[in-house]
Amino acid sequence: MTEQTIALVTGANKGIGFEIAAGLGSLGWRVGVGARDRRRRDTAVEKLRAAGTDAFGVPLDVADDASAAAAAELIADRVGGLDVLVNNAAITGVMPQTPSTVDPATVRDVVETNVIGVIRVTNAMLPLLHGSASPRIVNMSSSVGSLTLQTTPGIDMGPIPTAYVASKTFLNAVTVQYAKELSGTGILVNSGCPGFTATDLTGFRGVRTPQQGAAIALHLATLPAGGPTGGFFDDGGSVPW
Ligand code: NAP
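Presented here is a report on the structure given in the accompanying data block. (Residues numbered from 1 in each chain as written. Predicted model: local features only at pLDDT ≥ 70, side-chain atom pairs only at ≥ 80, totals over all residues. Heavy atoms only, no water.)

### Describing the site of the ligand
As a reminder, the rule being used: In this text, near means that some heavy atom of the residue lies within 4 Å of the molecule or strand in question. Pairs of N or O atoms within 3.5 Å make up the polar contacts considered here, provided that, within protein, one atom can donate a hydrogen while the other can accept it, and that residues adjacent in sequence are counted only when both atoms are side-chain atoms. Working definition of accessibility: Shrake-Rupley area with a 1.4 Å probe, residue cover restricted to the visible protein chains. The helix and strand labels rest on DSSP assignments: H or I over at least four residues marks a helix, E over at least two residues marks a strand, and numbering proceeds from the N terminus.
Taken together, 29 residues form the shell around the ligand, and within it Asn-13, Asn-88, Tyr-164, Thr-197 and Thr-199 come nearest. For the ligand, an oxygen atom lies 2.8 Å from a polar atom in the side chain of Arg-36. Here the ligand, which alone exposes 900 Å², has 95% of that area covered by the protein. For the shell around the ligand, the elements supplying multiple residues, two or more each, are α1 (15–25) and α6 (162–182).

Pasting the structure below:
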């Protein structure tokens with residue numbers, strides 16, 4: 001491993017992922033900008049580098065096995081290791097998504113990216129993370145995936161897009177399972193919720209800036225040794241499952 005901390009952020013070409021990359025860059029880290037579209041990836045890397053981040057592009061479609069494997073190879077060849085993986089890429093899928101009308105193909109697409117994509121990329125990167133002194137995995141989830149909040153009387157979670165919401169519940173369960181398996185390895189694995197943020201994903205209706213949305217990921221990426229693992233957090237602390 002080099003002395004510079006190395007991170008990979010998936011879906012880093014825009015929105016919260018871009019700001020996570022910028023925030024990690026401002027710590028002096030070297031940041032892989034995982035993005036599937038070449039032009040969008042190059043533009044993001046250029047912007048980050050112009051602002052002082054030591055950024056490099058990582059071609060990555062999280063829904064594609066070969067792409068995830070190639071991304072791990074590129075990181076190993078180019079920077080020699082990985083300390084922090086931020087699984088940020090996600091889609092909402094075609095709307096509306098009421099349970100009784102949602103197209104099963106939409107559910108499959110959303111789970112493929114938001115859940116299986118996280119498993120695929122995590123498993124591709126784990127051999128590299130095992131070589132790190134302070135390995136961390138951050139899964140960008142959402143409080144809308146909290147079954148506790150969804151079923152607490154008096155809490156209005158708004159219209160429920162079934163595929164997206166359930167994908168985040170599923171993702172949280174996956175976070176817990178990784179934390180259990182990796183317990184004792186030094187790899188801390190947590191879910192983070194950015195809050196309702198103004199990005200493409202929300203049609204820019206969110207009330208938080210992408211920079212504010214990135215804050216929880218920066219916190220979880222920089223947890224000290226012995227910090228929490230298998231948890232679900234936002235800027236206010238623990239989020240109920
Ligand atoms: P966004 O602006 O829509 O950005 C999503 C990113 O994911 C884009 O870079 C997109 O790339 C990428 N992506 C999607 N599918 C991909 C794939 N197959 N391979 C690689 N990259 C892919 O969304 P955001 O609001 O920043 O959301 C970031 C994370 O926060 C997501 O996990 C989201 O669920 C979570 N979150 C957001 C909010 C909110 O209010 N915004 C709230 C709770 C949780 P392209 O440009 O190529 O499409």
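### Regarding the environment of Ile-75
The cut-off we apply is this: Only protein chains enter the accessibility calculation, which uses a 1.4 Å probe; a residue is then buried when its area is under 20% of its type maximum, exposed when over 50%, and partly exposed in between. Residue contacts follow a heavy-atom distance rule, with two residues in contact if any of their heavy atoms lie within 4.5 Å.
Of note, Ile-75 is situated in helix α3 (residues 65–79). The buried category is assigned to Ile-75, whose relative accessible area is 0%. Separated by 68 residues in the primary sequence, Ile-75 and Ala-7 have C-alpha atoms spaced 9.7 Å apart. Other than its neighbours up to four places away in sequence, Ile-75 contacts Leu-8, Phe-56, Val-58, Gly-80, Gly-81, Leu-82, Met-125 and Leu-128.

### Looking at α3
Rule in force here: A helix is expected to reach a length of 1.5 Å times the quantity of its residues less one.
With 15 residues, α3 should reach 21 Å at 1.5 Å per residue; the first-to-last C-alpha distance of 21 Å fits that figure. Structurally, α3 contributes buried residues whose contacts are with β1 (6–10), β2 (30–35), β3 (54–59) and α4 (104–129). Measuring from the backbone nitrogen of Ala-66 back to the side-chain oxygen at the start of α3 gives 3.1 Å, which picks out Asp-64 as the cap. Gly-80 lies just past α3 and shows a positive phi near 80 degrees.

Treat this as a map of the structure, not an account of what it does.
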